[in-house]
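# Examining the three-dimensional arrangement
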Amino acid sequence: MEALSLPAALSLVAGGGAGLSPELRAALGASLPLLERDYRFERVWFWGCIQGVRGAYYIAQGLGPDRAAPRSRLYSLNCLDWSLLTPATEEMLALAEEVKGRFQGDPSFEYSLAEINPKAAARLVQSGKEPVMKEEARLIATIEQIDRAVGIVPRGAFVKTPLGSVHENRHFEGLSLVEAKKLSSYFHFTEPTNLKNKTLLEKADLDPSTDFLNSLEHDIPQGKGSWSIQLEKGGSVVVLRSLLWLGLTFYHVPMTKQFGYVYFGTGEKNLDLPFML
Amino acid sequence: EGGHGPYQPHEPGYGLDQPGYSPYEDEIPDAQARMLAIKNAKAYLLKTSTKSGLNLYDHFTTILTKILDEQPANTVDIIETISQDVKWAQFRKKMDTLRDEHLIPPTFEAAEKCKALFIKAAGEEEHEELDEEMGEPALPNVMETAFYFEQAGIGLSKDECYYIFLAFKNLISVQPIQTCRFWGKILGLEMNYIIAEVQLREGEEEEEEREEEEEETVAEEKEMGEGEEEEEQKEKEPEPPKSTYKPPPEIPKEANGTGTNKYVYFVCNEPGKPWVKLPPVTPAQIVCARQIKKFFTGRLDAPIVSFPPFPGNEANYLRAQIARISAGTHVSPTGFYQFPEDEEEEEGGDTYEENPEFEPPPVAEMVESLAMWAHHVKGILKQGRCVWINPTQKSEEDEEEGEEEEEEEEEEHQEETGQPLLTLISEDEGMKNIPAWTAQASTNLIPEYSIAILQSNRWPGAYAFASGRKFENIYFGWGHKYSPESHTPALPPPAEAEFPSEPGITEAADPTVEEELAFKAAQEEALAEAEEEEEEEGEDD
């Protein structure tokens, strides 16, 4: 969610019971603008918080002029001192899938891969590195996975210019109440994968400037999907909660420009989803 | 015109910008013709489109008016979008001769319900007098609890908390409640649940129990009456062999007011909606709830489709999960509660009372050592109850229906014991390398006013805080236990074994004709011998 609209947004997402203490909110209000200044970001988003066993990681994202470019991510243990995270690599993502269980809360903690996945450990040893995975790397990979899987925006909020870069749509006035209840009005904010698979009929209805991302309709499992849509406060806020990554909450106030998503959770994928529906 | 700047006399273009001397002089018409050209251009722009009825002149006028009114930045980049928007606006006004029905969005209905919460009930004054007689106020101070939890970053928005506060007030005025507490909020797919943990006043509970028992006996009598009719009909036809399967005896649920049914729970979907009472929980439901993992939909009558099949609908599943969460995560500072000194200390003691001599330890100690916290709700045994019961004890009804076979098939049930009531949470087992509880102070910057916060790792979403003499437990989450491994559903039981082979059922080849004749001959010989023996005996007499 936008750093500037943090106070209002946090009260809209509070339906799940998770939030920030006044101390952390005040700290964010002071440190996020400093981040914007130091790293010369155009926008700073507060991504959320991953709860470890002994401590929590608070994550912020900075965006440049092209909103769809890979984002810089920073983490902090106290919302005051932020450290930049390196971008995620495929290898990190593959290793992170193997490591299960809670985060420890200490960025230098090392997961011993020898127990978890001996093959990967052997490969690492051969290439001259130690067969461990640092918690920081796991954090990077988890944030990337969550963003790719469930980072969503409403349809029409972002437009693609003919040059290829993506900007906020200044004419976006919010979804209507009817549109807001449909899963097809929301897009994943990552590289689209199945746009080319649509039939020509469907493609004819699309507007290439706004429909350049995957919509949520095709999320597995189909039908009920992996999202829970609720209208809170009698329809004045629509809240989507992801069932695949429990803790990700997206909010949007229909007919206004306010929207955003935040993650408050343990950073673990809910692999039991098919059994739970 | 003269856009090329003043030419010097020696340059070729000198003097050509004066009227009458330009190289195209013969082509540009005079002023009147120029006016005619402008009128033609304007007429062209005013030409109405055959498809849409718009003309370019008006369209441009509207666009320019809009741009000059709104003055957006970087207009040239978004000019196409502006043009589109203007066109869309045109269409809406011209083509709709019917007016849209004035839709009342559900927002307003919900707002009405919330407003209704704020209106005081008519009998308010009488209730206030009654409360003074009772002694302690029954209404929990939800806002105070919310303040403490907010220090840890846990809790709902202030508005929602206040609505819940008012909803509790409504609940108390409607139901005969002795004590009540905000238990927490469980999220669901379509709607959420707000849960109140309540103790009803004593007289009311007995009445409800009697009502329930009457309902059960009436239902049983109906079943027996129907069974007799069926038996009469069946006697006329030969009956198929009855199966020898006897289901394991049903473990009776605990009485209201003890064990897992110590408190009564009321739920509502949103503050403002009516409160619904959840039925008491049975051990079978708890045992089954341990084996399944399902999301709540938000409708209490939704069926639970699972294996093993859950005996009940979503209301029962919700109640079972509430019981498990309460048993696993309701804690208080050690020493706050104590066993009453008058009664003998039994291991199965269920009662506790406040310790008047409790001195709250400092926050730093409460955070460092988990031994400063203790459970004040009894844990649930594997059987599904808090107090173990031997299921093979027979009730009167069972004895009436042929019990000799049952006695032969008695299994030995081992008595289960759980941890006694006020055990310290430091004895809770962790999972792999994750401890069962995480303790933190709410702030490190201002230690004088920080409070101790406990988070449960076994039930993510369960929190507890303690500050001086105040403490509270709460739950915000989806209602499921944390398991480091993925959930593996129960496998179906093995298929029924075939009947044991007995001589009467095993196949044997039919005897051939020769064998039959030989057998018949042998039988006749045996008969003849027997007759001779009898004759001999008869002769002896």
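Only a predicted model underlies this, so the values are computations on that prediction, with no experimental measurement involved.

Here we take up the overall build of chain A. Helix and strand content of chain A: nine helices and 14 strands. Scaling as 2.2 N^0.38, a compact globule of 277 residues should have a C-alpha radius of gyration of about 19 Å, and chain A matches this with 19 Å. By principal-axis analysis of the C-alpha atoms, chain A measures approximately 55 × 45 × 40 Å. When contacts within chain A are restricted to residue pairs at least 6 apart in sequence, long-range pairs at least 24 apart make up 58% of them. Taken together, the 29 basic and 32 acidic charged side chains of chain A have centroids lying 3 Å from each other.

Let us look at the interface of chain A and chain B. Counting residues at the interface gives 42 residues for chain A and 47 residues for chain B. Carbon and sulfur atoms supply 52% of the area buried between chain A and chain B, which totals about 3,500 Å² over both sides. For the chain A face of the interface with chain B, the top three residues by lost area are H171, F275 and M276 of chain A, together amounting to 17%. Between chain A and chain B we count one salt bridge in total. D272 of chain A is the partner of K293 of chain B in a salt bridge, and the nearest nitrogen-oxygen pair spans 2.8 Å. Taken together, the connections running from chain A to chain B amount to 16 residue pairs in polar contact (both at pLDDT 80 or more). Elements with a minimum of two residues in the side of chain A that touches chain B: α2 (22-39), β11 (227-232) and α9 (273-276) of chain A. Residue contributions to the side of chain A that touches chain B peak at five residues, all from β11 of chain A.

Take the packing of helix α9 (residues 283-291) of chain B against helix α10 (residues 314-329) of chain B next. Geometrically, a packed helix pair is captured by the angle between its two axes and the distance between the axes. Residue and element names in this part refer to chain B. At a minimum axis separation of 9 Å, α9 and α10 run at an interaxial angle of 85 degrees. What the angle tells us is that α9 and α10 run roughly perpendicular. Packed against α9, whose contacting residues are Q285, I286, A289 and R290, the element α10 presents N316, Y317, A320, Q321, A323 and R324 at the interface. Taken together, the residues that form the contact of α9 with α10 break down as five nonpolar, three polar and two charged.

A word on the domain arrangement of chain A. All names here are of chain A. Annotation of chain A at the domain level lists domain 1 (3-88 + 138-149), domain 2 (90-136) and domain 3 (154-269). For domain 1 and domain 2, the distance between their C-alpha centres works out to 24 Å. Contacts between domain 1 and domain 2 engage 21 residues on the former and 20 residues on the latter. Carbon and sulfur atoms supply 56% of the area buried between domain 1 and domain 2, which totals about 1,800 Å² over both sides. Looking at the side of domain 1 facing domain 2, the largest losses of area belong to R54, Y57 and R138, adding up to 41% of the total buried there. Linking domain 1 with domain 2 are one salt bridge. A salt bridge links R148 to E90; its shortest N-O distance comes to 3.9 Å. Scanning the region where domain 1 abuts domain 2 turns up 16 residue pairs in polar contact (both at pLDDT 80 or more).

A few words on the pattern of salt bridges. A pair can form between side chains of opposite charge whenever their charged atoms are brought close. All names here are of chain A. Taken as a whole and assessed by the stated rule, the structure comprises 18 salt bridges over all chains. Note that R37 and D38 form a salt bridge whose closest N and O atoms lie 3.0 Å from each other. Given the relative accessible area of 45%, D38 is considered partly exposed. A salt bridge links R67 to E42; the nearest nitrogen and oxygen atoms lie 3.3 Å apart. Residue R67 is found in the loop between β2 (56-63) and β3 (72-76), and its partner E42 is found in the loop between α2 and β1 (43-51); the two are separated by 25 residues along the sequence. Residue class for R67 comes out buried when judged on its relative accessible area of 5%. Linked by salt bridges that have partners in common, R71, R73, E90, E144, D147 and R148 make up one network.

This part takes up the environment of E173 of chain A. With respect to the element layout, E173 of chain A can be found in the loop between β9 (166-168) and α7 (177-180). Discounting chain neighbours no more than four positions away, the residues touching E173 of chain A are M255 and T256 of chain A.

With that out of the way, let us pick up the side chain of R324 of chain B. Here R324 of chain B is to be found in helix α10. No salt bridge is formed by the buried R324 of chain B; the nearest opposite charge belongs to D272 of chain A, separated by 12 Å. In this structure the side chain of R324 of chain B is engaged in a polar contact, spanning 2.8 Å, whose partner is the side chain of Q321 of chain B. Apart from residues no more than four positions distant in its own chain, R324 of chain B is found in contact with I286, A289, R290, I380, W459 and K481 of chain B.

Our next topic: the nonpolar core. If you look at the biggest cluster of nonpolar residues, it comprises 49 residues, and the most contacted ones within it are W47, M133, L139, F158, Y186, W227 and L240 of chain A. Looking at which element gives the most residues to this core, the answer is helix α6 (residues 135-150) of chain A, with seven residues. Other than its neighbours up to four places away in sequence, W227 of chain A contacts V150, I152, L183, L216, D219, L240, R241, S242, L243 and L248 of chain A. By size, the runner-up hydrophobic cluster in this structure holds 34 residues, among which are I154, L156, L200 and F476 of chain B.

Attention now moves to the sheet that holds β3 of chain A. All names here are of chain A. Reading across the sheet, the eight strands line up as β4-β3-β2-β1-β14-β13-β12-β11 and stay open at both edges, with mixed pairing between neighbours. Bordering the open sheet on either side are β4 (83-85) and β11, each of which pairs with just one other strand. Strand-to-strand twist across the sheet, computed as the mean angle between neighbouring axes with direction ignored, equals 25 degrees. Pairing between β2 and β3: five bridges, direction antiparallel. Looking across to β3, one finds that Y58 is bridged to S76.

Within the element layout of this structure, E429 of chain B appears in the loop between α13 (404-408) and β9 (437-441). With a relative accessible area of 63%, E429 of chain B lands in the exposed category.

On to the sheet that holds strand β11 (residues 462-467) of chain B, then. Residues and elements named next belong to chain B. Taken together, the eight strands give an open sheet; going across it, the order is β4-β3-β2-β1-β12-β11-β10-β9, and neighbouring strands pair in mixed fashion. Two strands bound the open sheet, and with one partner strand each, they are β4 (276-277) and β9. For strand β10 (residues 452-456) and β11, the ladder comprises four bridges, and the chain directions are antiparallel. Its bridge partner lying in β11, Q455 is registered against Y463.

Tallied over the entire structure, the rule returns zero disulfides over all chains. No disulfide involves C79 of chain A; its sulfur sits 7.9 Å from the nearest other cysteine sulfur, which is in C49 of chain A. Note on C180 of chain B: no disulfide assigned, nearest cysteine sulfur contributed by C268 of chain B at a separation of 12 Å. Assessed through its relative accessible area of 9%, C180 of chain B is described here as buried.

All names here are of chain A. Summarising burial for strand β12 (residues 237-242): six of the six residues are buried, a large majority. Residues V237, V239 and R241 of β12 are buried on one face, and the alternating residues V238, L240 and S242, pointing to the opposite face, are buried as well. Inspection of the sheet shows β12 paired to strand β13 (residues 248-252) by four bridges, in the antiparallel sense. Looking at β13, one finds that V239 is bridged to Y251. Hairpin connection between β12 and β13: a loop of five residues separates the two successive antiparallel strands, and G247 in this loop has a positive phi of roughly 120 degrees.

Taken together, L445, I446 and Y449 of chain B make up a surface patch of nonpolar side chains, about 400 Å² in accessible area. Along the chain, Y449 of chain B falls in the loop between β9 and β10.

Where the model shows low pLDDT, its predicted coordinates should not be examined in detail. All names here are of chain B. Per-residue confidence for chain B gives a mean pLDDT of 76, with 74% of residues at or over 70. Segment residues 344-348 is flagged for pLDDT under 50; beyond a separation of four residues in sequence, or across chains, it makes four contacts in the model. Under a pLDDT of 50 for its full length, residues 394-412 has, in the predicted model, nine contacts with residues more than four places off or in other chains. Taken over the whole predicted complex, pTM reads 0.76, whereas the ipTM for its chain interfaces reads 0.88.

Conventions adopted
- Residues numbered from 1 in each chain as written.
- Chains lettered and ligands numbered in written order.
- Predicted model: local features only at pLDDT ≥ 70, side-chain atom pairs only at ≥ 80, totals over all residues.
- Heavy atoms only, no water.
- Helix = DSSP H or I, 4+ residues; strand = E, 2+ residues; numbered from the N terminus.
- Rg over C-alpha atoms; globule rule 2.2 N^0.38 Å.
- Contact = heavy atoms within 4.5 Å.
- Lys, Arg positive; Asp, Glu negative; His and termini not counted.
- Charge placed at Lys NZ, Arg CZ, Asp CG, Glu CD.
- Buried area = accessible area lost by both parts, 1.4 Å probe.
- Salt bridge = Lys/Arg side-chain N within 4 Å of Asp/Glu carboxyl O.
- Polar contact = N/O pair within 3.5 Å; in protein donor to acceptor, adjacent residues only side chain to side chain.
- Axes fitted to C-alpha atoms, helices over the stretch in contact; angles between N-to-C directions.
- Parallel < 35°, antiparallel > 145°, perpendicular 65-115°, else oblique.
- Nonpolar A, V, L, I, M, F, W, Y, C, P; charged D, E, K, R; others polar.
- Domains from an automatic or database assignment.
- Buried < 20%, exposed > 50% of the residue type's maximum accessible area, 1.4 Å probe, protein only.
- Core = buried A, V, L, I, M, F, W, Y, C linked by side-chain atoms within 4.5 Å.
- Pairing = 2+ DSSP bridges.
- Disulfide = S-S within 2.5 Å.
- Patch = residues over 30% accessible without salt bridge, like charges linked within 9 Å, V, L, I, M, F, W, Y side chains within 5 Å.
- Areas by Shrake-Rupley, 256 points an atom, 1.4 Å probe, with all protein chains shown as cover.
- pLDDT = per-residue confidence, 0-100.

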